[in-house]
Amino acid sequence: MSQPDHPSATGVGSSANGFEITVDGVRVPVRPGQTIAAVLLGTGRPATRLTRTQGRPRGLFCGIGTCFDCLVVCNDEPGVRSCLRPVAPGDVIRTGIVIETAAAPPMGTGTDHG
Amino acid sequence: MAERQVAVVGAGPAGLAAALAAADGGAEVTVVDLGALPGGQYLRQPAVAGLPPARHPAAAEALLDRTRDHPRITFLLGHQVWQATADPTPHLDNRGGPGLTLRLLGPVGPVTLHPSVLVLAPGGHDRVVPFPGWDLPGVVTAGAAQALAKGQGVLVGRRVLVAGTGPFLLTVAAGLAAAGAEVAGVAEASRISRWGRHLGAIAGVPGKIGEAFRYLGALRRRRIPIWSGEAVTMVEPYGDRLRATLRRVDAGWRPGPVTRTVAVDAVCVGHGFTPSVELAVALGCATHHDPADGSLVVDVDDNQASTVPGVFVAGEATGVGGADVARHEGTLAGLAVLHRLGRLDTAAYERAAGPLRRRIDRGRRFATALHRVYPVPDGWTHWLRADTVLCRCEEVTVGRTRSDIAAYGIDDLRALKLVTRIGMGRCQGRICGRAAACLLGQVSGRSQPLDTFANRHIVMPVPLGTVAEEGTTRDSS
Ligand SMILES: Cc1cc2nc3c(=O)[nH]c(=O)nc-3n(C[C@H](O)[C@H](O)[C@H](O)COP(=O)(O)OP(=O)(O)OC[C@H]3O[C@@H](n4cnc5c(N)ncnc54)[C@H](O)[C@@H]3O)c2cc1C
Ligand code: FES
């Protein structure tokens, strides 16, 4: 686990086979295999969305897909768990959005595919 | 005979061990995991190219190596099981199975599995008891910080505080420090001196003590303080950072005077783990409260068989016991599957099962001792404020919960859920359920069974269309 050249120390590391995605309108270099949450944290964005009733910021909490706090809009798909979804070329991510939480599970407006 | 006769949910130590034992014995196994790589939490592998591989003890690492290209193991990664059903009427379909159905959502759409035998090894997630500010961005679970560092090579923050209870905090603090974080300190709410009373259980698993000392040594070398008997009772925004308030707590976790405030970029909190039992409950498997830590766990016999025919359960879902117990239970479950499929005769099965059962027993005794040394007593409710969020998904506060309990005379969780919407959001009570049960128990004077929150037909939110749509059937029976 020891990583002296830790990517977060320099923001997101760049590499030959990396690519760019768009986060809130800004082009961000990423590496294949990174999750959206890791990219957001690496670029200094701990908050991912706003809550529905009080508009409070929320971010990654459980890190493994259980809590649904880390939701972002990815390519217009709302409710994507940023901790699970690996980045893909051309991804357009929007953060700081109010994402309707489901009243009952099947009413969910979207999900992610890990 | 079905080609893909065995399904395993979860590719952690328990699921991989079960898959390996079953596949080595000739069964065709499908392993499903929502993660992008096999390994689960403990055996998490780096997902980003260029990161050094995580190192694990040889026996655990061998699971990754031996399952990787196994000719009889198929992985369905990035696939979430969102529904599991067992047809309660025994019927003689061509699989001779109990009518098990798993519905999955994967990267290219829905998939349906009809295994003859199922091993559930879904692990668990961090338990965090609420405190003011636990919903702020930058407050994360200890496991989340660990998963990011291990799998993504990313720190949750440059300067971090690790707090809560349990030996996992030492693992996380040492891991984050090694990855380059400045660890401000580790706040351990329990008092480790309790270890003296559990020497018997420790003697059974000497390796575990060595592990703890290695982490302690690593923290000492880096001069990272461990504040014992102190808890994070509040986190507030502090410029663009966070400020955590630590208080001394007594043995029952009633908060006393403030001991220090710590300014950090992230607060990593863990109060043990919560087993994932939803799939088992949906299938109709009996559950009970684990006497060791009070969590809801699946009933299994000494073959890892649940009360539903054809459904075996291994790992954290049968009780929080750590990676070694998970691995041994997985192997036992895999062998029990072979026995059930008629691929292993009773004598051979029992010969192999004996030593595994003894290792599981030793590991469980140690785990029980851990739970005694690092309990989560109810005193934490005294550091809540009326405006503290209890249910994160539905933003239900502690004040609202307490006043609704009083106003409506609520004394069971089902009513609490309906009135307040606690546990009705996307996480479905996974994060807040136990805390809500504890609060209600205190106010109503009645202890609350945890299965209210675990019992749901659809175990993870999926788009409406997926519910209607039948997935590609992936078994070839
Ligand atoms: C975030 C986190 C980090 C941890 N890190 C460590 C660590 O570094 N060291 C340590 O000793 N212990 C760690 N633990 C404790 C650890 O969980 C156990 O010791 C061990 O991993 C248990 O093994 P398991 O096989 O039972 O479960 P896990 O390893 O948790 O594996 C369960 C797997 O099931 C999958 N799963 C669950 N539900 C579904 C579903 N519905 N559909 C599809 N897949 C599903 C999960 O994605 C997961 O990969 C961690 C726990 C957590 C929650
Ligand atoms: S952080 Fe909990 S679901 Fe992503």
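Small disclaimer: the values here were computed from a predicted structure and weren't measured. Per chain, residues are indexed from 1 in the order of the written sequence. Going through the entries in the order they are written, you letter the chains from A and number the ligands from 1. Per-residue local features of the predicted model are confined to residues with pLDDT of at least 70, and side-chain atom pairs are confined, for both listing and counting, to 80 or more; whole-chain, interface and lining totals are unaffected and use all residues. Processing note: side-chain calculations cover all non-hydrogen atoms of the structure and skip hydrogens and water entirely.

> I'd like a rundown of the overall build of chain B, residues and numbers included.
Counting from the N terminus, the helices are the DSSP runs of H or I reaching at least four residues and the strands are the DSSP runs of E reaching at least two. What chain B contains, in helices and strands, is 14 helices and 23 strands. Expected size for 477 residues packed as a compact globule is a radius of gyration near 23 Å; at 22 Å, chain B falls within 12% of this value. Oriented by its inertia axes, the alpha-carbon framework of chain B measures out at about 65 × 55 × 45 Å. For every residue, the accessible area obtained with a 1.4 Å probe (protein chains only) is divided by the maximum for its type, and the residue is called buried under 20%, exposed over 50%, and partly exposed between those limits. Out of the 477 residues in chain B, the part that is buried amounts to 60%. In what follows, a contact means two residues having at least one pair of non-hydrogen atoms within 4.5 Å. Relative to all contacts within chain B whose residues are 6 or more apart in sequence, the contacts with residues 24 or more apart total 67%. Here the Shrake-Rupley method, with its probe set to 1.4 Å, supplies the accessible areas, and only the displayed protein chains count as covering residues. Counting every atom, chain B has about 17,900 Å² of accessible surface; 53% of that belongs to carbon and sulfur. With the radius of gyration taken over C-alpha atoms, the globule rule is written as 2.2 Å times the number of residues to the power 0.38.

> How would you summarise the confidence of the model for chain B if you had to cite specific residues and measurements?
Residue and element names in this part refer to chain B. Confidence in the prediction for chain B averages 92 pLDDT; 96% of positions are at 70 or higher. Counted against residues more than four places away or in other chains, residues 92-96, with its pLDDT under 50, gives six contacts. Reported confidence for the predicted complex is 0.94 by ipTM and 0.93 by pTM. A score between 0 and 100, pLDDT records how confident the predictor is in each residue.

> I'd like to hear about the site of ligand 1, residue by residue, with values.
Contacts to ligand 1 come from 31 residues, most closely from Ala14, Asp33, Val81, Gln146 and Lys150 of chain B. Lying at an intersection of chains, ligand 1 is approached by residues of chains A and B. Each polar contact in these results corresponds to two N or O atoms within 3.5 Å; when the atoms are within protein, one needs to be able to donate a hydrogen and the other to accept it, and residues that are neighboring in sequence are counted only if both atoms are side-chain atoms. In this structure, Ala14 of chain B approaches ligand 1 through a main-chain N or O atom, which is 2.9 Å from an oxygen atom. One nitrogen or oxygen atom from the side chain of Asp33 of chain B is found 2.6 Å from an oxygen atom belonging to ligand 1. Calculation on ligand 1 without its partners gives an accessible area of 970 Å², and the protein chains cover 92% of this total. Contributing elements (two or more residues each) for the shell around ligand 1: α1 (13-24), β4 (80-86), β8 (124-126), α3 (142-152) and α8 (323-340) of chain B. Three classes are used: nonpolar for Ala, Val, Leu, Ile, Met, Phe, Trp, Tyr, Cys and Pro, charged for Asp, Glu, Lys and Arg, and polar for all others, with Gly counted as polar. Residue composition of the shell around ligand 1, by class: 14 nonpolar, 13 polar and four charged. What makes a residue near a molecule or strand is one non-hydrogen atom of that residue sitting within 4 Å of it.

> Lay out the sheet that holds strand β5 (residues 100-106) of chain B in plain terms, naming residues and giving numbers.
Residues and elements named next belong to chain B. A strand pair is defined by DSSP finding two or more bridges across the two strands. Spatial ordering of the open sheet is given by β4-β5-β6-β23, a layout of four strands whose pairing is mixed. Either end of the sheet is taken by a strand with one partner, and the two such strands are β4 and β23 (472-473). Here six bridges tie β4 to β5, and the two strands are oriented antiparallel to one another. The partner of Gln80 across the bridge, within β5, is Leu105.

> I'd like a rundown of the interface of chain A and chain B, residues and numbers included.
Contacts between chain A and chain B engage 53 residues on the former and 57 residues on the latter. Taken together, the two surfaces of chain A and chain B that pack against each other cover about 4,800 Å², and 57% of this comes from carbon and sulfur. Salt bridge criterion: a side-chain nitrogen from Lys or Arg within 4 Å of a carboxyl oxygen from Asp or Glu. The interface formed by chain A and chain B includes four salt bridges. The shortest N-O distance in the salt bridge between Asp135 of chain B and Arg56 of chain A comes to 3.1 Å. Taken together, the residues of the side of chain A that touches chain B break down into 23 nonpolar, 23 polar and seven charged. Accessible area that two parts lose when put together, evaluated with a 1.4 Å probe and summed over both, is termed the buried area.

> Break down the sheet that holds strand β9 (residues 139-141) of chain B for me, citing the residues and quoting the values.
Sheet strands line up and pair through hydrogen bonds in the backbone, either parallel or antiparallel. All names here are of chain B. The parallel open sheet is built from five strands, whose spatial order is β9-β16-β10-β11-β12. Two strands lie at the open edges of the sheet, namely β9 and β12 (226-228), each paired on one side alone. Each adjacent strand pair in this sheet contributes to an overall mean axis angle of 20°, direction not counted. Comment: axis = line fitted to C-alpha atoms, over the contacting stretch for helices; angle = value between 0 and 180 degrees taken between N-to-C directions. Where α3 meets the sheet, it contacts β9 and β16 (266-271), and its direction lies at approximately 80° from that of β9.

> Tell me about the pairing of β16 of chain B, residues and numbers included.
The two faces of a sheet get side chains in turn, since along a regular strand they alternate between them. With six of its six residues buried, β16 of chain B lies for the most part within the structure. The alternating pattern of β16 of chain B places Ala266, Cys268 and Gly270 of chain B and Val267, Val269 and His271 of chain B on opposite faces, both of which are buried.

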